[in-house]
Number of protein chains: 2
Amino acid sequence: VASGREAGNGVGIQDPVVGVDLGGTKILARLVDPQTGRAVGRIKANTPSGPAAVLEAIVDVVNELEGSDGASTVGVGVPGLVRPGGVVDRCPNIAGWDSPVSVKAELSSRLGKSVVVSNDVNCGAVAEHRVGAAKGIANFLAVFVGTGVGGGLVLNNELVEGGRGMAGEIGHVTVSPGGRLCNCGGKGHLEAYAGRAGIDAEARRRVEAGASPLLVELAGDGKIKSRHIERGLKDRDSLTSELLAEAADALAQGLGNVACLLDLEHIVIGGGVVDKLGQGFVDQINDSDSFGGVGSEMVKIILAHRIDDAGVVGAAILAADDGH
Amino acid sequence: VASGREAGNGVGIQDPVVGVDLGGTKILARLVDPQTGRAVGRIKANTPSGPAAVLEAIVDVVNELEGSDGASTVGVGVPGLVRPGGVVDRCPNIAGWDSPVSVKAELSSRLGKSVVVSNDVNCGAVAEHRVGAAKGIANFLAVFVGTGVGGGLVLNNELVEGGRGMAGEIGHVTVSPGGRLCNCGGKGHLEAYAGRAGIDAEARRRVEAGASPLLVELAGDGKIKSRHIERGLKDRDSLTSELLAEAADALAQGLGNVACLLDLEHIVIGGGVVDKLGQGFVDQINDSDSFGGVGSEMVKIILAHRIDDAGVVGAAILAADDGH
């Protein structure tokens, strides 16, 4: 059977797993070797509206993927809350997905394969663990700073998912009680200071109140992007520097506290903002006076690897793990 | 052999384990049924100075304990940092214990029994898990508020110890960057607001600056105790109310954040201060505007059971677990 599979998919992966990354704008499927993280083949589709159309699109991309017939397992990463049992409660970034859907049950019946559904941030953390910056590290938090701030926690080489599938939510940890309003409605959450959406909203408020307009001008008609932040810093724009210092302070407090609570020696940090700003931003976090817990010397903050299609790879690895 | 043991210890416990609680002032040993937490026999000694004398005293109490000859395993809870392998780095509350000692190796060789050494707060958390308020709960944090604030974390029914034995240190999580000085030298840690030592120090500062002196007067020549805090609250003393509100706010922020990060549905809270103030204090934490993370409705804070000799019981349970 194993050699048949190899012949069938033609790519020399033994026991391949299909990895699917469901994003807000597109769906991506690849054939993955869960041992090495190597991915081959690549089928993309636009993400339609509503869970029914999304499930259909996932079935289509998996069936179109060359070699998927030789894979008995499919891992799907989704941008939403995954309850134990593969029920996806809501996906805020997918239009019309606002009530629970049994993604695991639906897909496994339609695909005739075993299906494992995971949160996309957790997939990213697992990819870092197996084939990225946290290879060989048994205990770490992976933090991804993009539009929002997400986190995945690995303890004793196992992903911590929590009883309700919500563990790792470092973005909604409070770093400043009563502080900036978060997208979730909470106040003073880390995400409101370090996420791009929080930086964007605060920049516009401050420019309105008379602060240096460069960052907002760079964004033009759109939202502030990581490259605008990078540009603002290079041009020594005062508002950009201020907002990034506040982001670094908020991350320093939040990450330091988690390291203290869980006795973590390593935190992996990545995501669009960090990818753009690099080690300089990590140094700023480490040097912050707001470092939480017992200090920055107890924990090493390391840059995430920029793994190609990390979500696909992580979803496939989680699915392979689940079958063993 | 089992019936021989039963006869030998005369108390009807099958496979008994010796539990030892090493405290700053006394050492306590009992014979424990790790299945039920039932403890029999009771030998006490004063805690001497220096690790050599402490180890000798532990050997003595274990040997004096009736039925200990029928136990092949000893669990020892210590008030200090326990490294993996049973090396105790330092015990701040025991005079002369300021460098690492191989407690596990030393005691097992002298007692001829298998010895498991654990941090005393973790022992308390395990006791709550098996025979206390967290029975049947797979994921929780146990927080003990006394002179300081300690914590023990259980995820997936397993104690989380951390790579360096320091997990659960909620007392040294920062709740107010740049805030009150903590005993550890850090600033704004939870313990500085909620621990009795922190409340004591702050009360004296504020009385010096003109605040209501009742709480400090109640303490007389000594430190402020939990019953003085209870008295101050009953007498509607303004400083006592202020300091307790700040303690509740700090706990609300710290506990809320941990619940959010780890998706905890339960937090168990105990220790001298909480035992004295009871459910009213828990309500104050729940109602605090400073509740961290995604809000108090996501987590239930429950009062710890006041388990007799919880440290002894927890140490014995951890030792029994370790042997299986």
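Residues numbered from 1 in each chain as written. Chains lettered and ligands numbered in written order. Predicted model: local features only at pLDDT ≥ 70, side-chain atom pairs only at ≥ 80, totals over all residues. Heavy atoms only, no water.

Q: For this particular structure, what's the right way to read the packing of helix H2 (residues 51-64) of chain A against helix H3 (residues 103-111) of chain A?
A: Pairs of packed helices are described in terms of their axes, by the angle between the two and the distance that separates them. All names here are of chain A. Packing of H2 against H3 leaves a shortest axis separation of 10 Å and a crossing angle of 45°. Considering the angle they form, H2 stands oblique to H3. For the crossing formed where H2 meets H3, the hand is right-handed. Here Leu55, Glu56, Ile58, Val59, Val62 and Asn63 of H2 come into contact with H3, specifically with Val103, Glu106, Leu107, Arg110 and Leu111. Looking at the contact of H2 with H3, its residues break down into seven nonpolar, one polar and three charged. (Axes fitted to C-alpha atoms, helices over the stretch in contact; angles between N-to-C directions. Helix = DSSP H or I, 4+ residues; strand = E, 2+ residues; numbered from the N terminus. Parallel < 35°, antiparallel > 145°, perpendicular 65-115°, else oblique. Left-handed = near helix turned anticlockwise from the far one by under 90°. Contact = heavy atoms within 4.5 Å. Nonpolar A, V, L, I, M, F, W, Y, C, P; charged D, E, K, R; others polar.)

Q: What is the right way to look at the pattern of salt bridges in this model?
A: Under the counting rule described, the total for this entry stands at 33 salt bridges over all chains. As a salt-bridge pair, Arg164(A) and Asp263(B) come within 2.9 Å of each other at their nearest N and O atoms. Taken as a pair, Arg164(A) in the loop between strand E11 (158-159) and helix H5 (190-194) and Asp263(B) in the loop between helix H9 (238-262) and strand E12 (266-270) lie in two separate chains rather than in one. Asp263(B) shares its class with Arg164(A); the two are buried. Where Arg205(A) meets Glu202(A), a salt bridge forms, and the shortest distance between an N and an O atom there is 2.6 Å. Of this pair, Arg205(A) and Glu202(A) both sit in helix H6 (residues 196-208), three residues apart, roughly one helical turn. Accessibility expressed as a relative area gives 45% for Arg205(A), which makes it partly exposed. Taken together, the shared-partner salt bridges in this structure form one network comprising Arg180(A), Glu202(A), Arg205(A), Arg206(A), Glu242(A) and Glu246(A). (Salt bridge = Lys/Arg side-chain N within 4 Å of Asp/Glu carboxyl O. Buried < 20%, exposed > 50% of the residue type's maximum accessible area, 1.4 Å probe, protein only.)

Q: In this structure, what is going on with the relation of the copies chain B and chain A? I would like to understand it.
A: Two chain copies here: they are related by a rotation about an axis and a translation along the same axis. After a rotation of 180° and a shift along the axis of 0.0 Å, chain B superposes on chain A with an RMSD of 0.0 Å. What the superposition gives is, in effect, a two-fold axis relating one chain to the other. An overlap of 100% is found between the interface residues of chain B and their copies at the interface of chain A, pointing to a shared contact surface. (Least-squares fit on C-alpha atoms with pLDDT ≥ 70 in both.)

Q: I would appreciate a short explanation of the confidence of the model for chain A in the present structure.
A: Low pLDDT marks stretches whose predicted atomic positions should not be read closely. All names here are of chain A. Across chain A, pLDDT averages 94, with 96% of residues at or above 70. Throughout residues 1-10 the model reports pLDDT below 50, and contacts reaching past four residues in sequence, or to other chains, amount to 13 contacts. Under the prediction, the complex receives an ipTM of 0.92, its pTM being 0.93. (pLDDT = per-residue confidence, 0-100.)

Q: For this particular structure, what's the right way to read the sheet that holds strand E9 (residues 140-145) of chain B?
A: Strands belonging to one sheet form pairs held by backbone hydrogen bonds; the direction of such a pair is parallel or antiparallel. Residues and elements named next belong to chain B. Strand order in the open sheet formed by five strands is E11-E10-E9-E12-E13, with mixed pairing between adjacent strands. On the outer flanks of this sheet lie strand E11 (158-159) and strand E13 (300-303), each paired with one strand and no other. As paired elements, E12 and E13 share four bridges and run parallel to each other. Within E13, the residue paired with Ile267 across the bridge is Ile301. Its contacts with the sheet put helix H11 (residues 279-287) on E12 and E13, and the angle it makes with E13 is roughly 165°. (Pairing = 2+ DSSP bridges.)

Q: Got a minute to help me understand the interface of chain B and chain A in this structure?
A: Frequently, the measure chosen for interface size is the accessible area removed from exposure when the parts meet. Each side of the interface is counted separately: chain B has 34 residues, and chain A has 34 residues. The largest contributions to the chain B side of the interface with chain A come from Arg164(B), Leu261(B) and Asp263(B), which together make up 27% of the buried area. Counting across the chain B and chain A interface gives two salt bridges. In this assembly, chain B and chain A are joined by 22 residue pairs in polar contact (both at pLDDT 80 or more). (Buried area = accessible area lost by both parts, 1.4 Å probe. Polar contact = N/O pair within 3.5 Å; in protein donor to acceptor, adjacent residues only side chain to side chain.)

Q: Honestly, the pairing of strand E4 (residues 73-78) of chain B in this entry has me stumped. Any pointers?
A: Across a regular strand the side chains alternate sides, sitting on one face of the sheet and then on the other. Residue and element names in this part refer to chain B. Burial of E4 is extensive: six of the six residues sit out of reach of the surface. In E4, alternate side chains face the same way, and those of Thr73, Gly75 and Gly77 on one face and Val74, Val76 and Val78 on the other are all buried. Here four bridges tie strand E1 (residues 17-22) to E4, and the two strands are oriented parallel to one another. Pairing of Val18 across the sheet is with Val74, part of E4. Where E4 lies against strand E8 (residues 114-119), six bridges are found, and the strand directions are parallel.

Q: Help me understand the state of the cysteines in this model?
A: Note on terminology: a disulfide is the covalent bond linking the sulfur atoms of two cysteines. Applying the stated criterion to the full structure yields zero disulfides over all chains. In this model Cys123(A) remains outside any disulfide bridge; the closest cysteine sulfur is found in Cys91(A), 12 Å from its own. Of all cysteine sulfurs in the structure, the one in Cys184(B) sits closest to Cys260(A), which takes part in no disulfide; the separation is 8.3 Å. (Disulfide = S-S within 2.5 Å.)

Q: Which parts of the structure should I look at to understand the nonpolar core?
A: Across soluble globular proteins, nonpolar side chains show a tendency to be buried alongside one another. In terms of nonpolar packing, the biggest core is built from 98 residues, with Leu262(A), Ile269(A), Leu262(B) and Ile269(B) touching the most fellow members. If sequence neighbours within four positions are ignored, Ile269(A) has contacts with Val143(A), Val145(A), Leu251(A), Leu255(A), Val274(A), Val282(A), Ile285(A), Ile301(A), Ile302(A), Leu303(A) and Ala304(A). (Core = buried A, V, L, I, M, F, W, Y, C linked by side-chain atoms within 4.5 Å.)

Q: What am I meant to see in the sheet that holds strand E6 (residues 87-88) of chain B here?
A: Residue and element names in this part refer to chain B. Taken in spatial order, the three strands of this open sheet run E5-E6-E7, and their pairing is antiparallel. Unpaired on one side and paired on the other, strand E5 (82-83) and strand E7 (101-102) mark the two borders of the sheet. With two bridges joining them, E5 and E6 adopt antiparallel strand pairing. Note on E6: the bridge partner recorded for Val82 is Val88.

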